[in-house]
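Residue-level structure breakdown
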There are 2 protein chains.
Amino acid sequence: MEYVEHLSVEKFIFYLLIVLIFAKVFGHLAEKIGQPSVLGELLAGVFLSTSVLALVPSTEGMVGYETFHLFAEIGVVLLLFEIGLKTRIADLVKVGPVSALVAITGVVFPFMLGYFSIIYFQKFSILSLEANMVELVAIVTGATLTATSVGITARVLADLERLQTKEARIIITAAIIDDVLGLIILGVVSSIVSSFGSEGAGEVHITLGSVAFITAKASGFLVGSIVLGRIIAPRIFGFFSRIDRNNLVWGMAIVFCFVYSYCSNLFSLAPLVGAFAAGLVLRETDQIKTIDSGIKPLSHFFAPIFFVMLGAAVDVSVFNPFVSENIMVISVALILFAAAVIGKYVSGYVVYEKGVRKSIIGVGMIPRGEVGLIFAKIGLVHGIFKIDLFSAVMAMVILTTFIVPPLLNWLFERESKENGLTEKTV
Amino acid sequence: MEYVEHLSVEKFIFYLLIVLIFAKVFGHLAEKIGQPSVLGELLAGVFLSTSVLALVPSTEGMVGYETFHLFAEIGVVLLLFEIGLKTRIADLVKVGPVSALVAITGVVFPFMLGYFSIIYFQKFSILSLEANMVELVAIVTGATLTATSVGITARVLADLERLQTKEARIIITAAIIDDVLGLIILGVVSSIVSSFGSEGAGEVHITLGSVAFITAKASGFLVGSIVLGRIIAPRIFGFFSRIDRNNLVWGMAIVFCFVYSYCSNLFSLAPLVGAFAAGLVLRETDQIKTIDSGIKPLSHFFAPIFFVMLGAAVDVSVFNPFVSENIMVISVALILFAAAVIGKYVSGYVVYEKGVRKSIIGVGMIPRGEVGLIFAKIGLVHGIFKIDLFSAVMAMVILTTFIVPPLLNWLFERESKENGLTEKTV
């Protein structure tokens, strides 16, 4: 057995301390200047990252990285569970059709913008790609721009106490539909990429039938698990609460959340989608108050770890314009960023209902995250992306993450001022 | 960089699920048969261990072991923090002198019994040690028997709702003094062991001065941190609660706990000792109710992981009497176990105060844990222990852990019956 350096308990507690203190201090400072606290947590992460203070294990391969990465994942799972606990299923069903429209537009537009950006880069020799590669690179780049990452927006809406607005419901529902669409794109892109290098490279070996199957499987799981949960959950939690009012109900609520997360992962959906569904289901039980009081402290302990680690993934050295190689990466990143912002922003404007603030929906859909990076990694591993394009995609993801908290905050504030009141629905 | 297999989020959630479900089910079954739920959690661990179902990464080197080990440590830290939050400093000071007496007796007696067990084993050829090794082996074995591990007892007392009894206070205070004594013994034993092999092997290179220094440093930290905390904590938590009544107070309470844990580790004390001290200090702030309501769910999430992983450390194959090599290990383990039980049990009988149930204190001091294993590992690494004696010490630690929940339960129940009432002080 080879020797692997271990993270000592002492060091682990030290890291946790640093993360929690920085999260609280920066979160508070963000609030002081009228911003959502999550923006402070992201910035705290940047300061702690390997490229600045190097106080947390933020880079893959570092001792302790795995544990912190898993803590962070549990954090975003519990956050979405908590948000699910505050959301009525009926409200989501109402916004279902309009959310689907937002999701589809928000996938098609960014894809096209990403695709044509690469074509444009090639034409004006910003990137020098081999002629037979352009098409492939353009498709994978487009794919990296498609999937919204709901964690940031959900947290901003919670920070601003706007979870109960119609816009919030549309955004969250659309982001979940987005995850299903992401699966389809992943299937298509994987098929294209894996044929790369072999004869007939670039051919799509995916049929309409298999797309329908992926969609049906993922949607079937979501609908099925919620319907089944609605029948079973009230009974089992009624039973648990008769045995033990607090501890058992808390414990089993977490178990319930993790079962849903695990299953959603089995159906190739993100674990946080399952956690959200679990929250929706438990929202309808009589034990919701007890559950919520037990989950809140857990989510408040874990979730900042997610946002700090997200910020800590930033490699600030890429943004140093005095390094000549960076100029190209920054230029490409900025153009992709523009494509990412515009592509999702327009998706807000397909909302046909009146009284809904379209710009808020458009901005709420902007953050990209892990799914985008998964596409970028597939591209890198198969030799389709070179490290420069990969870095540019990373930078694009980071920029979309950081821009949303202040933008959403500004939109809500502006509107409050226009209405001459601080309309916060709770 | 060499490739290290990673624990995927999916697998991690799966492990967490298994641990939580088994902990809840076995804990509930234990309660059904009138036992503290922690006994069920320990047994759940045994079932999940590598040697039975192999459903959790319970062995060092397994993928995910590190993360689960750290989760478990955070679990026992938060448990002792929570117990500290329920304990008045004044009550501990009152039992200080008697607890010191219990702690000292509970170190001296087991050491002597362990020491003479080895001499006896050698005399009757149960172990075949080289003549010049006997003394050394006897000293290290004695040391493995000295330190009480407070986690189990504290949890049993909590399960039985007996934390507010005088016996509980004496046990916990004595266990903390024990940790300081353990440091001294560690210093002495390390000095003896490190001289082993060189000329003048077995000589003690430790002076009274250095013992006094170790003691003063550790006790000084404990007293100093509590006194300082009593002055500072009410002010800073008053300040935090004016900014944000819930979230910030919860977050900073955890930070406070981790700062104390980390510092106690710097002073070579167990992290859980610092966490307990932090709890004591915050008990005296005005925000205690808010803090307690936020820490409880966290501790209830993490602590079972500690007890399940403790149970999962058991290698049941060692206890198989049909394997001939095991017979010797089992015999030695049972004799050491008897020494461990008797040595601590008598420590309860030095309590001079009236109305205190001496047997409960004696039993409460029995569990051994990590510190004992640290001594055993030092012995193993330096070639003083062979694997058979090491396994026997492991088995002794495990047996002391498993015997305490049913024994304490039985003592409290018997007494309730004698008094004809269920006297539960809350």
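Residues numbered from 1 in each chain as written. Chains lettered and ligands numbered in written order. Predicted model: local features only at pLDDT ≥ 70, side-chain atom pairs only at ≥ 80, totals over all residues. Heavy atoms only, no water.

Bringing the overall build of chain A into the picture now. Assigned secondary structure in chain A consists of 15 helices and zero strands. Taking 426 residues into account, the globule formula puts the C-alpha radius of gyration at 22 Å, and chain A, at 22 Å, falls close to it. Considering only C-alpha atoms, chain A reaches an extent of 70 × 60 × 50 Å along its principal axes. Out of the 426 residues in chain A, the part that is buried amounts to 57%. Here the contacts in chain A between residues at least 6 apart in sequence split such that 78% fall between residues at least 24 apart. On chain A, roughly 17,400 Å² of surface is accessible, and the fraction owed to carbon and sulfur atoms is 65%. If you average the places of the 29 positive and of the 32 negative side-chain charges in chain A, the two averages end up 11 Å apart. (Helix = DSSP H or I, 4+ residues; strand = E, 2+ residues; numbered from the N terminus. Rg over C-alpha atoms; globule rule 2.2 N^0.38 Å. Buried < 20%, exposed > 50% of the residue type's maximum accessible area, 1.4 Å probe, protein only. Contact = heavy atoms within 4.5 Å. Areas by Shrake-Rupley, 256 points an atom, 1.4 Å probe, with all protein chains shown as cover. Lys, Arg positive; Asp, Glu negative; His and termini not counted. Charge placed at Lys NZ, Arg CZ, Asp CG, Glu CD.)

Given a rise of 1.5 Å per residue, 24 residues ought to cover 34 Å, and the 34 Å separating the end C-alpha atoms of helix α1 (residues 9–32) of chain A matches this to within 8%. Looking one or two places after α1 of chain A, you find G34 of chain A, whose phi comes out positive at around 75°. (Expected span 1.5 Å × (residues − 1).)

The subject of this paragraph is the packing of helix α4 (residues 89–123) of chain A against helix α12 (residues 324–347) of chain A. All names here are of chain A. Put simply, α4 and α12 touch, their axes get as near as 8 Å, and they point 155° apart. Taken as axis vectors, α4 and α12 run roughly antiparallel relative to one another. Crossing geometry of α4 relative to α12 is assigned as right-handed. Counting all contacts with α4, which are made through V102, T105, G106, V107, F109, P110, L113, G114, S117 and F121, the residues of α12 involved are V332, I335, L336, A339, I342, G343, K344, V346 and S347. (Axes fitted to C-alpha atoms, helices over the stretch in contact; angles between N-to-C directions. Parallel < 35°, antiparallel > 145°, perpendicular 65-115°, else oblique. Left-handed = near helix turned anticlockwise from the far one by under 90°.)

So, about the confidence of the model for chain A. Residues and elements named next belong to chain A. On average, residues of chain A score 87 in pLDDT, and 94% of them are at 70 or above. Across chain A, the element-wise mean pLDDT spans from 81 in helix α14 (residues 370–381) up to 94 in helix α13 (residues 358–364). For residues 422–426, every residue scores under 50 in pLDDT, and the model assigns this stretch 11 contacts once sequence neighbours within four places are set aside. Among the scores for the predicted complex, ipTM is 0.84 and pTM is 0.86. (pLDDT = per-residue confidence, 0-100.)

For the rest of this paragraph, the subject is the packing of aromatic side chains. Scanning all chains against the criterion turns up 50 aromatic pairs over all chains. Where F111 of chain B meets Y115 of chain B, the ring centres are 6.3 Å apart and the plane angle is 25°; that geometry is what we call stacked. With F111 of chain B and Y115 of chain B both in helix α5 (residues 96–123) and four residues apart, the pair spans about one turn of that helix. F111 of chain B gets classed as partly exposed once you look at its relative accessible area, which sits at 25%. When the ring of F301 of chain B is compared with that of F302 of chain B, the centres are 5.0 Å apart and the planes differ by 80°; the resulting orientation is edge-to-face. Exposure class is identical for F301 of chain B and F302 of chain B. Each is buried. A cation over an aromatic ring shows up here: R414 of chain A above the ring of W410 of chain A, its NZ or CZ 5.1 Å from the ring centre. (Phe/Tyr/Trp six-rings, centres within 6.5 Å; stacked < 30°, edge-to-face > 60°. Lys NZ or Arg CZ within 6 Å of the ring centre and 35° of its normal.)

Residue and element names in this part refer to chain A. Contact geometry of helix α5 (residues 134–144) with α14 gives a least axis separation of 8 Å together with a crossing angle of 160°. Judged on the interaxial angle alone, α14 and α5 are roughly antiparallel. Across from V140, A143 and T144 in α5, the residues of α14 making contact are G372, F375, A376 and G379.

Grouped together as the largest cluster of nonpolar side chains are 301 residues, with contacts concentrated most on F237, F258 and F302 of chain A together with F237, F258 and F302 of chain B. In this structure, F258 of chain B is in contact with I13, L16, L17, L20 and F301 of chain A together with I74, V77 and L78 of chain B, ignoring residues within four places of it in sequence. (Core = buried A, V, L, I, M, F, W, Y, C linked by side-chain atoms within 4.5 Å.)

Take chain B, turn it by 180°, move it 0.0 Å along the axis, and it overlays chain A with an RMSD of 0.0 Å. Accordingly, the operation relating the two chain copies is best matched by a two-fold axis. Mapped onto chain A, 100% of the interface residues of chain B again fall at the interface, so both copies present the same surface. (Least-squares fit on C-alpha atoms with pLDDT ≥ 70 in both.)

It is worth spelling out unusual backbone geometry at this point. Although it is not a glycine, S268 of chain A sits at a positive phi angle of roughly 65°. You can see S268 of chain A is positioned in the loop between α9 (247–266) and α10 (271–283). Owing to a relative accessible area of 42%, S268 of chain A belongs among the partly exposed residues under this scheme. Located in the positive-phi region is A54 of chain B, a residue other than glycine, with phi close to 55°. Residue position: A54 of chain B is located in the loop between α2 (37–48) and α3 (65–85).

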